[in-house]
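# Working through the structure, step by step
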Amino acid sequence: MAQYTRRKDGRYASFVDNGRDAETGQRIRIPVYGYSIAELEDNKAAVRDALNKGTYANDKGYTVGKWVREFVEVYKTGVVESTLNDYNNIIKNHLTCIEDIRLQDLKKSDVQRCLNQASKYVDIPRRIKILLNAALETAIDDGLLYKNVCRSIKVSAPSSSNKTRALTDQERKALPNIDFTSKEKAFLYILWYTGMRPEEARGLMRSDIDLRNNTISVNRVVVYPDKNQAHIEPRSKSDAGIRTIPILTPLAAPLRDFLKEGVGLYLFSNSEGNVMSYSTYRNFWKRIYNKINLALGGTNDHIVKKKKVAGIKATDLTPYVFRHEYATILYYSGIDIKEAARLMGHESTKLILETYAELDAKKSNSTSKLESYLSNY
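Note that the structure is a prediction, hence the values are computed from the model and not measured.

## Comments concerning the overall build of the protein
Within the protein one finds 14 helices and seven strands. Going through the 377 residues of the protein one by one, you find that 39% of them count as buried. Partitioning the contacts of the protein with sequence separation of at least 6, the portion at a separation of at least 24 is 58%. Summed over all atoms, the accessible surface of the protein reaches about 21,300 Å², with 48% contributed by carbon and sulfur.

## Quick notes on the pairing of strand β7 (residues 243-246)
The alternating pattern of β7 places Arg243 and Ile245 on a buried face and Thr244 and Pro246 on a face that is not buried. In terms of strand pairing, strand β4 (residues 215-218) meets β7 through four bridges, oriented antiparallel. Bridged to Ser217 within β7 is Thr244.

## Some points on the nonpolar core
Judged by nonpolar contacts, the single largest core of 56 residues is most densely connected at Ile292 and Phe322. Looking at this core, the elements that each hand over two or more residues are α7 (182-194), β4, β5 (221-226), α9 (249-260), α10 (278-295), α11 (319-332), α12 (337-344) and α13 (350-364). Counting residues per element, this core draws most heavily on α7, which supplies eight residues. Dropping the residues within four chain positions of it, Ile292 is found in contact with Leu175, Ile178, Phe180, Leu188, Leu317 and Phe322.

## Topic: the sheet that holds β4
Across the sheet, which stays open at both edges, the three strands sit in the order β3-β4-β7 with antiparallel pairing between neighbours. Pairing within the sheet leaves two strands with one partner each, and these edge strands are β3 (209-210) and β7. In the sheet, β3 pairs with β4 via two bridges, with the strands oriented antiparallel. Bridged to Asp210 within β4 is Thr215.

## Considering the packing of α7 against α9
The contact between α7 and α9 brings their axes to 9 Å, and the two run at 150 degrees. The orientation of α7 with respect to α9, classified from their angle, is roughly antiparallel. The crossing of α7 and α9 is left-handed. Contact with α7, carried on its side by Ser182, Lys183, Lys185, Ala186, Tyr189, Ile190, Tyr193 and Thr194, involves Pro250, Leu251, Pro254, Leu255 and Phe258 of α9 and no other residues of that element. Of the residues that constitute the contact of α7 with α9, the class distribution is nine nonpolar, two polar and two charged.

## Digging into helix α2 (residues 64-75)
Under the 1.5 Å per step criterion, the end-to-end length of α2 is 16 Å for 12 residues, consistent within 8% with the ideal 16 Å. Burial in α2 covers these residues: Val64, Gly65, Trp67, Val68, Phe71 and Val72.

## As for helix α1 (residues 37-53)
What sets the pattern is the α-helix's 3.6 residues per turn: residues three or four places apart point alike. In this model, α1 (17 residues) spans 24 Å end to end at C-alpha, consistent with the 24 Å of a helix rising 1.5 Å per residue. All of the buried residues along α1 are Leu40, Lys44, Val47 and Ala50. The arc that holds every buried residue of α1, seen down its axis, measures 125 degrees, which confines them to one face. Turned more than 90 degrees away from the buried face of α1, the exposed residues are Asp42, Asn52 and Lys53. Residues of α1 that are buried in the fold lie against β1 (12-20) and β2 (27-34). One or two positions beyond α1, positive phi appears at Gly54, with a value near 75 degrees.

## Structural notes on the state of the cysteines
Applying the stated criterion across every chain, the model contains zero disulfides. With no disulfide partner, Cys97 has as its closest neighbouring cysteine sulfur the one in Cys114, 3.3 Å distant. Here Cys97 falls in the partly exposed class, since its relative accessible area comes to 33%. The cysteine Cys150 is free of any disulfide, with Cys114 supplying the nearest cysteine sulfur at 9.4 Å.

## Thoughts on the pattern of salt bridges
For the structure on display, the rule yields 20 salt bridges. With a closest N to O distance of 2.7 Å, Glu184 and Lys291 form a salt bridge. Separated by 107 residues along the polypeptide, Glu184 in helix α7 and Lys291 in helix α10 bring together distant segments of the chain. For Glu339, the salt bridge identified is with Arg342, shortest N-O distance 3.0 Å. Residue Glu339 and its partner Arg342 are located together in helix α12, separated by three residues, close to a single helical turn. For Arg342, a relative accessible area of 35% puts it in the partly exposed group. Here the salt bridges share partners, and the residues they tie into one network are Arg7, Asp9 and Arg11.

## Overview of unusual backbone geometry
Of all residues except glycine, most have a negative phi; of all peptide bonds, most are trans. In this structure, Lys60 takes a positive phi of about 55 degrees despite not being glycine. Tracing the chain through its elements places Lys60 in the loop between α1 and α2. The backbone phi angle of Asn214 is positive, close to 55 degrees, even though this residue is not glycine. On the basis of relative accessibility, which here comes to 32%, the residue Asn214 falls in the partly exposed class.

Conventions we followed
Residues numbered from 1 in each chain as written. Predicted model: local features only at pLDDT ≥ 70, side-chain atom pairs only at ≥ 80, totals over all residues. Heavy atoms only, no water. Helix = DSSP H or I, 4+ residues; strand = E, 2+ residues; numbered from the N terminus. Buried < 20%, exposed > 50% of the residue type's maximum accessible area, 1.4 Å probe, protein only. Contact = heavy atoms within 4.5 Å. Areas by Shrake-Rupley, 256 points an atom, 1.4 Å probe, with all protein chains shown as cover. Pairing = 2+ DSSP bridges. Core = buried A, V, L, I, M, F, W, Y, C linked by side-chain atoms within 4.5 Å. Axes fitted to C-alpha atoms, helices over the stretch in contact; angles between N-to-C directions. Parallel < 35°, antiparallel > 145°, perpendicular 65-115°, else oblique. Left-handed = near helix turned anticlockwise from the far one by under 90°. Nonpolar A, V, L, I, M, F, W, Y, C, P; charged D, E, K, R; others polar. Expected span 1.5 Å × (residues − 1). Arc of directions from axis to C-beta. Disulfide = S-S within 2.5 Å. Salt bridge = Lys/Arg side-chain N within 4 Å of Asp/Glu carboxyl O.

Structure follows, in structure tokens:
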């Protein structure tokens, strides 16, 4: 057995020869360490075995947390700020259970455990997997790993109770009779009859409204990197988010009435004519929500209530309910999947396909529709 000298950190050190660099001709020596000579020899044997099998990779000491942060910083520079904030939120709040694990030591069970802990949050496990999978694939390309343990993990779809829903029949009947201000009604009806994301509606400018051609152009979003500032993105969530949407008949009158009052540069601005701050927007939506809640028979003045309590009738009514309602309108209007994806600003048809499939199932199980059809057969 070879003689080794113990380092100051208590480890023995050696190397495994891996030939010569094709460009420089210098010998490639892979450092190997162990806290005992027996461990060192075992580690050297493991490296030689991995080299022979073509599975050797050197993670250069990266932990999962350090690598994912570097991956986002280096490879995700072109994403919009809202997406970047989403990545950082996942790293900060949902990777804590694995962030200190060495890349080369990460196991499939570690990732699965991380996803299980986040399963109580709507859609977070899927987003964790997307980010981790991309980061680990890049680690392979950079020679830090030879295997992506995240690749084959299956993420369960959100339960039906967690999925965004469309409006109920009671809500559809109540909404036109509620005494909204012209600004509140215009905002709500834009969500309802264009399917815009709320951050897209917040970014609308007067110049985006073309009443001659009855269209609205979506070119930007307003996001909140933190609660103290609003940030204007020059485009939507993706390039597909830049689109032109027709002004449907139910939206036309509320929008025209609102514009007649005289709006500034931004449609839904604060009292100073600037884009809404986080607190201004939150209070604005709260007023809309409370009016809907009261119209449905509620009494309490609360906006964020996830569990059913006395006085809260609109328990899960969010701006995204109106976006889902628009997808439902497209479905029952016979709009094909590709056009529906374009109108809603999706990069692919995947989410529209899922929505349409759910509606197909409901339609096929609708006894009333079958009876209506048979009555005219």
